[in-house]
Amino acid sequence: MKELVIFDIDGTIVRGQSQRLFLKYLLSVHKIKLYFYLKLMVWFVLYKLGLVKDPKKTMEYAFSFLKGKPVEEIADLAHDFFEKILKENIYSDVLDIIKEHRSLGREVMLVSNAAEPIVKEISIYFNIAQYICTTLEIKDGFYTGKIEDIMYGDHKTDVIEQFVKVHDWNLNTAWAYGDHLSDQSLLSIVKHPVATNPSSSLSKIAHKKHWPILVFK
């Protein structure tokens, strides 16, 4: 049985928050309005400060702009965004860590609160087949503007546990890398938790539980 390595994305693989960067990109290509963008930036600041615990309502508002947009159009935008912006914000240290895990025959997967079009681009870049992320509702090839399933906190961990069970993997031998307090539950269920570029809250927990801490430059 292959050992599993789970990577969070924002703050762990990518410097910053991928969805925030995507919104800035969408503003630059005139796909969203300035007021819409600024309203969401306020939420990102509150989230970073730990003052917002549940991102669901804000994310539903954020993705409302997708209503009526063809899947192909958003896929093209996500690809352009990745090539022009997101790729430059990937920590080079992560490339070496993933390469090392793979050299030892381990299976790598991604898990993220970010939306599927963004996560898909990252998975293609790293040649990672398995990922779990926030999914958006699609009907007849068009986005409805609604979220199908949001991947966050304890729910993210529940989905991972079910996913691992289906694929006959074992969390008792697994690694997990995460940066935010919301990743605590994920880090707690694997044998090898690694707090990666941790927030102050997660850093305190990591020190208390003697988890390894990585900080990328």
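Up top is the structure.
Residues numbered from 1 in each chain as written. Predicted model: local features only at pLDDT ≥ 70, side-chain atom pairs only at ≥ 80, totals over all residues. Heavy atoms only, no water.

Visitor: What should I look at first to understand the packing of helix α4 (residues 71–84) against helix α6 (residues 116–126) in this one?
Guide: Packed helix pairs are characterised by how far apart their axes lie and by the angle those axes make with each other. In contact at an axis separation of 9 Å, α4 and α6 are set at 55 degrees when each is read in the N-to-C sense. As far as their axial angle goes, α6 and α4 are oblique. Here α4 runs over α6; the crossing is right-handed. Residues Ile 74, Ala 75, Ala 78, His 79, Phe 81 and Phe 82 of α4 form the contact with α6, whose own contacting residues are Pro 117, Ile 118, Glu 121, Ile 122 and Tyr 125. For the contact of α4 with α6, the residue count by class is 9 nonpolar, 1 polar and 1 charged. (Axes fitted to C-alpha atoms, helices over the stretch in contact; angles between N-to-C directions. Helix = DSSP H or I, 4+ residues; strand = E, 2+ residues; numbered from the N terminus. Parallel < 35°, antiparallel > 145°, perpendicular 65-115°, else oblique. Left-handed = near helix turned anticlockwise from the far one by under 90°. Contact = heavy atoms within 4.5 Å. Nonpolar A, V, L, I, M, F, W, Y, C, P; charged D, E, K, R; others polar.)

Visitor: Even after reading the chapter, I still don't get the environment of Asp 76, so can you show me in this structure?
Guide: Within the secondary structure, Asp 76 sits in helix α4. It is 9.2 Å that separates the C-alpha atoms of Asp 76 and Pro 117, two residues lying 41 residues apart in sequence.

Visitor: Explain the side chain of Thr 144 to me, please; I cannot follow it from the model alone.
Guide: Turning to its location among the elements, Thr 144 is positioned in strand β4 (residues 142–149). Residue class for Thr 144 comes out buried when judged on its relative accessible area of 17%. Polar side-chain contacts of Thr 144 include one of 2.7 Å to the side chain of Glu 137. Not counting residues up to four positions away in its chain, the partners in contact with Thr 144 are Lys 67, Glu 137 and Lys 139. (Buried < 20%, exposed > 50% of the residue type's maximum accessible area, 1.4 Å probe, protein only. Polar contact = N/O pair within 3.5 Å; in protein donor to acceptor, adjacent residues only side chain to side chain.)

Visitor: How should helix α1 (residues 18–28) be read in this particular structure?
Guide: One turn of the α-helix equals 3.6 residues, which is why residues spaced by three or four share an orientation. Taken residue by residue, α1 has Ser 18, Gln 19, Phe 22, Leu 23, Tyr 25 and Leu 26 as its buried positions. Axial view of α1: buried residues confined to an arc of 160 degrees, hence all on one face. Positioned one or two residues after α1, His 30 has a phi angle of 60 degrees, which is positive. (Arc of directions from axis to C-beta.)

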